[in-house]
Amino acid sequence: TYGESMVLVTAVSSADERPGIDFFPLTCDYVEKSFAAGKIPGGFFKREGRQRDEEVLVSRLIDRPCRPLFPDGYQCDTQIIATVLSVDKNNPSDVLALTGAGAALHISDIPWGGPIVGIRVARIGGEFIANPTFDQMAQSDMDLVVATSKDAIVMVEGGAAEASETDIVDALMFAQESARPILQLIEQIRAAVGK
């Protein structure tokens, strides 16, 4: 949960490898349900439709940093499903889903080299802001999504109106520092679950 935005993230993996495959069958799905925004589908279409482009992109945002942290040769069917349960129209839920995926995998029995945390970094007036609201993003000249572990930055995606190499490095260090309390919380959750 972040503000009133809430995402349920689940992770599951089969016990046995599927015979005859030479790849890692990882499925990452990010799904925004209409009820999360207080809308109920009506009229001719009474069900949710297929994933929108934004949902597919967030699914890839989850897949990209998680996939390399699985052990080499791991070929069990694995699914990470992020379902948006509530949207407050102020706090984005994409980095929340990425963080939830890191937490769900870390407390599971699935072999994985996490945890990771997703942090969005914005810059307003030269000051960095971690996980900005939509209003803050409208004023920002930088939008970076950083997936970071305790020791390393796993993935970076984003852009800026204009930024020097030093600005980007400072933003990455800011993201890693902002992620530390969340990483500690995930470790505490794992200990409380008994993993």
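In this report, we go over the structure that sits alongside the text.

Thresholds applied
Residues numbered from 1 in each chain as written. Predicted model: local features only at pLDDT ≥ 70, side-chain atom pairs only at ≥ 80, totals over all residues. Heavy atoms only, no water. Axes fitted to C-alpha atoms, helices over the stretch in contact; angles between N-to-C directions. Helix = DSSP H or I, 4+ residues; strand = E, 2+ residues; numbered from the N terminus. Parallel < 35°, antiparallel > 145°, perpendicular 65-115°, else oblique. Left-handed = near helix turned anticlockwise from the far one by under 90°. Contact = heavy atoms within 4.5 Å. Buried < 20%, exposed > 50% of the residue type's maximum accessible area, 1.4 Å probe, protein only. Pairing = 2+ DSSP bridges. Polar contact = N/O pair within 3.5 Å; in protein donor to acceptor, adjacent residues only side chain to side chain. Salt bridge = Lys/Arg side-chain N within 4 Å of Asp/Glu carboxyl O.

## Regarding the packing of helix 1 (residues 53-66) against helix 2 (residues 94-107)
- Running from amino to carboxyl end, helix 1 crosses helix 2 at an angle of 40 degrees, the nearest separation of the two axes being 9 Å. Compared by their axis directions, helix 1 and helix 2 come out oblique. The way helix 1 lies across helix 2 gives a crossing that is right-handed. Together, Val-58, Leu-61, Ile-62, Pro-65 and Cys-66 of helix 1 and Asp-94, Ala-97, Leu-98, Ala-101 and Leu-105 of helix 2 make up the contact between the two elements.

## Here we look at the environment of Val-95
- Assignment of secondary structure puts Val-95 in helix 2.
- A relative accessible area of 6% means that Val-95 is categorised as buried.
- As a C-alpha pair, Val-95 and Ala-171 span 76 residues in sequence and 16 Å in three-dimensional space.
- What Val-95 contacts, discounting residues up to four positions off in sequence, is Gly-118, Ile-119, Arg-120, Asn-131 and Val-145.

## Observations regarding the sheet that holds strand 7 (residues 153-160)
- On the basis of which strands lie adjacent, the open sheet formed by 4 strands has the order 5-4-6-7 and antiparallel pairing. Every interior strand has two partners, whereas the edge strands, strand 5 (127-130) and strand 7, have only one. Pairwise comparison of adjacent strand axes, ignoring direction, gives a mean angle of 20 degrees for this sheet.
- Relative to strand 7, strand 6 (residues 142-148) runs antiparallel, the two sharing 7 bridges. Within the sheet, the bridge partner assigned to Leu-144 lies in strand 7 and is Gly-158.
- Together, strand 6 and strand 7 form the strand contacts of helix 1, whose direction differs from that of strand 7 by roughly 140 degrees.
- With respect to the sheet, helix 4 (residues 165-193) is in contact with strand 4 (117-124), strand 5, strand 6 and strand 7, its orientation differing from that of strand 4 by roughly 140 degrees.

## Here's the deal with the side chain of Arg-120
- By the element assignment, Arg-120 lies in strand 4.
- A polar atom in the side chain of Arg-120 sits 2.9 Å from the side chain of Asp-143.

## Observations regarding the sheet that holds strand 2 (residues 26-32)
- Pairing is mixed across the open sheet formed by 3 strands, whose spatial order is 1-3-2. Here the strands that pair on one side only, and so sit at the sheet edges, are strand 1 (6-17) and strand 2. Going from strand to strand, the sheet's axes swing by 10 degrees on average, the running direction of each strand aside.
- As judged from the 9 bridges shared by strand 1 and strand 3 (residues 76-86), these two strands associate in the antiparallel manner. Within strand 3, the position partnered with Ser-13 by the bridge is Thr-78.

## Description of the pattern of salt bridges
- Per the stated rule, a full pass over the model turns up 8 salt bridges.
- Here Glu-157 ties to Arg-64 by a salt bridge, and the two come within 2.7 Å at their closest N and O atoms. Of the two residues, Glu-157 is situated in strand 7 and Arg-64 in helix 1; the sequence distance between them amounts to 93 residues.
- Residue classification places Glu-157 among the partly exposed residues on the basis of a relative accessible area of 34%.
- Notably, a salt bridge pairs Arg-180 with Glu-177, separated by 3.2 Å at the nearest N-O pair. Here Arg-180 and its partner Glu-177 are both found in helix 4, 3 residues apart, which amounts to about one turn of the helix.

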